[in-house]
Each structure stands twice: as C-alpha cells, then as structure tokens.
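# Structural description and commentary
These are the residues of each chain, in order.
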Amino acid sequence: PFDSPYILENLEPQKTYNFRFAAINDVGLSGWGGFQQRTMPQKSSPEAPVILDIKQNGYITSPYPHSYDLRWSIPSHNGEPINEYEIKYCIIQKINDVWTEAEGGCIIKEHRAVELTNFKLTNLLPDTYYNLQVRAHNVIGFSVPGEARMKTSRGSDTHPLVHDNSHLSSAMIVVIVVAVLIVILVIVDVSCYFVNSTGLLWLMCGTSQTRNQREDDAKLGSEAKELLNNGNKDSKVQIDSQRPMLDYSMKKDTTVEFDMKRSISKTSFVGKDSAV
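Description of the structure in this document. If you're wondering where the values come from, they're calculated on a predicted model, not measured in any experiment.

Looking now at the overall build of the protein. Within the protein one finds two helices and 11 strands. Reading the secondary structure of the protein in the N-to-C direction produces β-β-β-β-β-β-β-β-β-α-α-β-β. Counting every position in the protein, which comprises 276 residues, the buried fraction comes to 17%. The long-range fraction of contacts in the protein, counting pairs at least 24 apart against all pairs at least 6 apart in sequence, stands at 58%. When the accessible area of the protein is evaluated, it comes to approximately 21,800 Å², of which 56% is carbon and sulfur surface.

On to the pattern of salt bridges, then. Scanning all chains against the criterion turns up six salt bridges. Across the salt bridge formed by Glu 80 and Lys 43, the nearest N and O atoms sit 3.0 Å from each other. With Glu 80 in the loop between β4 (68–71) and β5 (84–95) and Lys 43 in the loop between β2 (36–39) and β3 (60–61), this residue pair connects regions lying 37 residues apart in the sequence. One salt bridge connects Glu 110 with Arg 112, and the closest N-O pair in it is separated by 3.1 Å. Per residue, the accessibility class of Glu 110 equals that of Arg 112, and both read exposed. Ionic contacts of the salt-bridge type, sharing partners, join the residues Asp 127, Lys 151 and Arg 154 into one network.

Here we have five strands laid out as an open sheet, ordered β3-β9-β8-β5-β6, and mixed in their pairing. Each having just a single partner strand, β3 and β6 (98–111) make up the two edges of the open sheet. Two strands pair when backbone bridges link them, and strand β8 (residues 129–137) and strand β9 (residues 146–151) are joined in this way by six bridges, in the antiparallel orientation. The residue of β9 that forms the bridge with Gln 133 is Glu 147.

As a further point, take the packing of aromatic side chains. Under the defined criterion, the tally for this structure stands at five aromatic pairs. Note on Tyr 59 and Tyr 129: the rings are 5.3 Å apart at their centroids and 85° apart in plane angle, and the pair reads as edge-to-face. Taken together, the residues Tyr 59 in the loop between β2 and β3 and Tyr 129 in strand β8 connect sequence positions 70 residues apart. The exposure class of Tyr 59 is buried, given its relative accessible area of 17%. A network of ring pairs unites the aromatic residues Tyr 59, Trp 99 and Tyr 129 as a single cluster. The cationic tip of Arg 20 hangs over the ring face of Phe 35; the distance from NZ or CZ to the ring centre is 4.8 Å.

Further remarks concern the state of the cysteines. Counted according to the given criterion, the structure contains one disulfide. Here Cys 90 pairs with Cys 106 through a disulfide, and the sulfurs are 2.2 Å apart. Between Cys 90 and Cys 106, the disulfide has an S-S torsion of 115° and is therefore right-handed. Taken together, the residues Cys 90 in strand β5 and Cys 106 in strand β6 connect sequence positions 16 residues apart. Exposure remark for Cys 106: the relative accessible area of 32% places this residue in the partly exposed category.

So, how was this worked out
- Residues numbered from 1 in each chain as written.
- Predicted model: local features only at pLDDT ≥ 70, side-chain atom pairs only at ≥ 80, totals over all residues.
- Heavy atoms only, no water.
- Helix = DSSP H or I, 4+ residues; strand = E, 2+ residues; numbered from the N terminus.
- Buried < 20%, exposed > 50% of the residue type's maximum accessible area, 1.4 Å probe, protein only.
- Contact = heavy atoms within 4.5 Å.
- Areas by Shrake-Rupley, 256 points an atom, 1.4 Å probe, with all protein chains shown as cover.
- Salt bridge = Lys/Arg side-chain N within 4 Å of Asp/Glu carboxyl O.
- Pairing = 2+ DSSP bridges.
- Phe/Tyr/Trp six-rings, centres within 6.5 Å; stacked < 30°, edge-to-face > 60°.
- Lys NZ or Arg CZ within 6 Å of the ring centre and 35° of its normal.
- Disulfide = S-S within 2.5 Å.

Structure follows, in structure tokens:
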C-alpha cells in the first residue's frame, strides 16, 4: 500500500547501504531517484517487545480471576539473535494517584522458547492490578522492558492484599503470646525449685539426686563390706608350723573325778623323763 513502511531484514551492523527508489504505475516505471545512504548501527541488545492486547481505561482486563495469557510481538534483535525472554509481573496499588508496587509481590519467569511469544501467568489474585514487563535478551544484554498494566476479574473468592497482611499479623501475635507464656512458666518453675523445692525442675533434679544418693550408698556399703572382710583377714593369727604351740618338754595329765554333788578337775604335771 501507498505510504506504508517496508522493512529490510538481514542487514549487517556497522555497514553502509545506498538506496535508490523508483515509482511504478499502470503506464510503467519512473526514473530512479538519487542515492540515499544509510549506515547501520553496531550490534546491541534487542528492541523492547510490545505487549499485545486491548487496553481500556489504561489497563488490560483479564477474563480470568487467577490467570492471564500474556502475548507480545517479536522485537528487532539488533544484530544478535534473541535467545530468551524475561517476564516480570508485580502486584500494584494506586496510592495518591501513583501506581506503587506492593512489597514482596513480584515474580520473575524465564521464557526460553523464543519461537513462542506468549506465556500463561497463573496463581494470580482476583480483582487485583498487575504491572507486566517483558524483556528480550541476546548475547549483548537485555532490552528495555515492554510494559502494560493488567487487572484480573473479580471471581467468587476475592482475597484482597490487605487481608493477607492482617492474616500474617494475627499469626505473628499468636506466636508472640505463646512464647511469652512459655517464658513465664519457666520462670515460675525455676522460682518454685529454689524457694519451695517443688515444680517440674525439682522433680527431675530431685529424682536424679535420689538415684545418685542410692548409688553412693550402695557403693559405700560395698566398700565397707570389703574393708570388713579385709580386716577379718588381717586379724587372723598366722600359725608358724615350724614352732610348736605347746612345749612337749612338759607333759600335762588331766584327771577328772566325779561325785554326786560336784565334779573336780585336777591337773598334774609330770616331767618328761619321769617313770609315771
């Protein structure tokens, strides 16, 4: 069509090209115009992709509450082929007429199937605004991001971002209260242990001390018994078998006389060489 641009592809960077143009109609071809010289720029990162979708009131509306099919056009690679796309989408809120990203609400995805120029965003929140960014990448670097705002549909299970923050705050309050109660119980138990000798700590330590005392008593009893046995052994009189206990140089004869009323024991000694 007339006045429509024509794109020349596969040109080399940092090369100079001369262009001439001629017009043609039903009668024939006109003469060629003068030369127009153009020098191609050096290799660089790709151009910014353009997100494709119909915008109303400055943003795209997703027909789904939890997903969106993101599509974009293939940008010029500027001398080096595109090897991947980077997709970033963040939850945004309008504060004082300024769109602001929510803290911790951004997700980044890599899209390496460069022949496909669409990516499905999932796990989105319903009735929520998102800022979408797509960047192309080649060996030189990333392009400037192509941006657009998008809003998910309301759906049946709306979960505003404020509710999530309040839920997290309630959980933190419960954790803090439980921690304080545990600390108070520990302090009370330690106080009972030192003041009244009661409590869980006293039960554990008292049981351990009683067990240790019983073990010590048993040990002392066994040691005392061993000492007693050793004392008895030491107190035994050793008899020298080489020395007789009695002097056989003197003989001792014992006679016992009985009568009806009493018995009398008499002992007499007889010399060794006596005839009696």
